[in-house]
Amino acid sequence: QVQLVESGGGLVQAGGSLRLSCAASGRTFSSYTMGWLRQAPGKEREFVAAVRWSGGSTWYADSVKGRFTISRDNAKNTVYLQMSGLKPADTSVYYCAADRSLSDLQIAMADYWGQGTQVTVSS
């Protein structure tokens, strides 16, 4: 069974930065696409970013392109989301997610996901 644990969320001023981490355990993830989803109050869950364990290809939602960077450390089974130039609209619970299909992540679905970590921008 796969376990995903996010960390790194918090309160930050608009324009600031945060780095989220996702520690994965339980199985091999080389065949998975890993990503981040988020859900804000009153909003549907949405796709943020994704990366393949193998190959290094990345994908981003239009709303975060140029501001967020997803990366992974295969040896540590860890995925990161570096967030810069944060806006109040980025306020959300961020979930680490894993799926065999990129297209699933892009519609905010996943085979596995973590407990979520809260990111709040501008109080």
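Position numbers for residues start from 1 in each chain and track the written sequence from start to end. Confidence filtering applies because this is a predicted model: local features only for residues at pLDDT of at least 70, side-chain atom pairs given and counted only at 80 or more, and all residues used for totals across whole chains, interfaces and linings. Each side-chain value is derived from all of the structure's non-hydrogen atoms; neither hydrogens nor water enter the calculation.

Quick look at the side chain of D90 now. Along the chain, D90 turns up in the loop between β8 (78-83) and β9 (92-99). Each residue's exposure class comes from its accessible area (1.4 Å probe, protein chains only) as a fraction of the maximum for that residue type: buried when under 20%, exposed when over 50%, partly exposed otherwise. The class for D90 is buried, based on a relative accessible area of 1%. Each polar contact in these results corresponds to two N or O atoms within 3.5 Å; when the atoms are within protein, one needs to be able to donate a hydrogen and the other to accept it, and residues that are neighboring in sequence are counted only if both atoms are side-chain atoms. Polar contacts involving the side chain of D90 include one to the side chain of R38, which spans 3.0 Å. Contacts were defined at the residue level, with two residues in contact if any of their heavy atoms lie within 4.5 Å. Other than its neighbours up to four places away in sequence, D90 contacts R38, R67, F68, G85, V119 and V121. A run of H or I in DSSP becomes a helix once it reaches four residues, and a run of E becomes a strand once it reaches two; helices and strands are each numbered from the N terminus.

A few words on the environment of S21. Following the sequence through the fold, S21 ends up in strand β3 (residues 18-25). Along the chain, S21 and K65 lie 44 residues apart, while their C-alpha atoms are 19 Å from each other. Excluding anything up to four places from it in sequence, S21 contacts V5, E6, S7, W36, V79 and Y80.

The next subject is the nonpolar core. In this text, buried Ala, Val, Leu, Ile, Met, Phe, Trp, Tyr and Cys residues form a nonpolar core when linked through side-chain atoms within 4.5 Å. Grouped together as the largest cluster of nonpolar side chains are 35 residues, with contacts concentrated most on L4, M34, W36, L81, M83 and Y94. When residues of this core are traced back to their parent elements, those giving at least two are β3, β4 (33-39), β5 (46-52), β7 (68-73), β8, β9, α1 (102-106) and β11 (117-121). Broken down by element, this core gets its largest block of residues, five residues, from β5. If we ignore the near neighbours within four places in the chain, the residues touching M34 are L4, A49, A50, V51, W53, I70, V79, C96, A97, A98 and L105.

This next bit is on the state of the cysteines. Covalent bonding between the sulfur atoms of two cysteines is what defines a disulfide. The definition used for a disulfide is geometric: two cysteine sulfur atoms within 2.5 Å. Per the counting criterion, the structure on display carries one disulfide. Between the sulfur atoms of C22 and its disulfide mate C96 the distance is 2.0 Å. Measuring the twist about the S-S bond at about -75 degrees, one finds the C22-C96 disulfide to be left-handed. Of the two residues, C22 is situated in strand β3 and C96 in strand β9; the sequence distance between them amounts to 74 residues. Given a relative accessible area of 0%, C22 falls into the buried group.

Bringing the pattern of salt bridges into the picture now. Salt bridges are counted wherever a side-chain nitrogen of Lys or Arg sits within 4 Å of a carboxyl oxygen of Asp or Glu. Enumeration over the complete set of coordinates arrives at four salt bridges. Two residues, R38 and E46, come together in a salt bridge whose shortest N-O distance is 2.8 Å. Ionic pairing is found between D90 and R67, a salt bridge with its closest N-O pair at 2.7 Å. One end of the pair, D90, is in the loop between β8 and β9; the other, R67, is in the loop between β6 (58-60) and β7, and 23 residues separate them in sequence. Both residues of the pair, D90 and R67, belong to the buried class.

For K65, the position within the fold is in the loop between β6 and β7. For K65 and V48, which are 17 residues apart along the polypeptide, the C-alpha to C-alpha distance reads 9.2 Å. A distance of 3.0 Å separates the side chain of K65 from the side chain of D62, its partner in a polar contact.

Another aspect to go through is the sheet that holds β7. Here four strands make up an open sheet; going across it, the order is β1-β3-β8-β7 and the pairing antiparallel. Edge positions in the sheet fall to β1 (3-7) and β7, since each has one partner strand and no second. Going from strand to strand, the sheet's axes swing by 15 degrees on average, the running direction of each strand aside. Two strands are said to pair when DSSP picks up at least two bridges between them. Note that β1 and β3 share five bridges and pair antiparallel. Pairing of E6 across the sheet is with C22, part of β3. Simply put, an axis is a line fit to the C-alpha atoms, just over the touching stretch for a helix, and the angle between two N-to-C directions goes from 0 to 180 degrees.

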